[in-house]
Amino acid sequence: MAKINANYEAIYILKPDLNEEQIKALVERFKGVVEANGTVSEIDEWGKRRLAYPINDLMEGYYVLMTFTAAAAVPAELDRIFRITDGVMRSMIVCKDE
């Protein structure tokens, strides 16, 4: 039998040159996408960290980890939004249940 909801973790790296208001707006935007059809368990902002390798000539990024429970369509929509948002350098969503 297929699961209706599953537990997910999404980690994304924002550009380091964004100010606090822009970072807060992006975090709230991504939280809103999940809360439309799921529940956010925790948002852990790690802050600016050095990258393991340069991305677009940048050596730092602002890391955010979000854990949530949602239907299978939500991570696909969240990933699509990560890819089209200018402030996001990298993102990854994994299912914790598997």
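These numbers were taken from a predicted model, which means no experiment stands behind them. (Residues numbered from 1 in each chain as written. Predicted model: local features only at pLDDT ≥ 70, side-chain atom pairs only at ≥ 80, totals over all residues. Heavy atoms only, no water.)

1. Here's the deal with the sheet that holds strand β1 (residues 6-14)
Right, on to step 1. Overall, antiparallel pairing links the four strands, which are arranged β2-β3-β1-β4 in an open sheet. At either margin of the open sheet sits one strand with a lone partner, and together these are β2 (38-55) and β4 (88-95). Each adjacent strand pair in this sheet contributes to an overall mean axis angle of 20 degrees, direction not counted.
Right, on to step 2. With twelve bridges connecting them, β2 and strand β3 (residues 58-70) associate as antiparallel partners. Looking at the pairing, Val40 lines up with Phe68 of β3.
Right, on to step 3. Where helix α1 (residues 20-35) meets the sheet, it contacts β1, β2, β3 and β4, and its direction lies at approximately 135 degrees from that of β2.
Right, on to step 4. The strands touched by helix α2 (residues 73-84) within the sheet are β1, β3 and β4, with β4 carrying the most contacts at an inclination of about 170 degrees. (Pairing = 2+ DSSP bridges. Helix = DSSP H or I, 4+ residues; strand = E, 2+ residues; numbered from the N terminus. Axes fitted to C-alpha atoms, helices over the stretch in contact; angles between N-to-C directions. Contact = heavy atoms within 4.5 Å.)

2. Thoughts on the pairing of β3
Right, on to step 1. Of the strand pairs in this sheet, β1 and β3 are connected by nine bridges, and their pairing is antiparallel. Bridged to Asn7 within β3 is Thr69.
Right, on to step 2. The antiparallel hairpin formed by β2 and β3 contains two residues in its connecting segment, where Asn56 sits at a positive phi of about 50 degrees.

3. Quick notes on the environment of Ile84
Right, on to step 1. With respect to the element layout, Ile84 can be found in helix α2.
Right, on to step 2. Judged by its relative accessible area of 53%, Ile84 falls in the exposed class.
Right, on to step 3. Separated by 56 residues in the primary sequence, Ile84 and Glu28 place their C-alpha atoms 16 Å from one another. (Buried < 20%, exposed > 50% of the residue type's maximum accessible area, 1.4 Å probe, protein only.)

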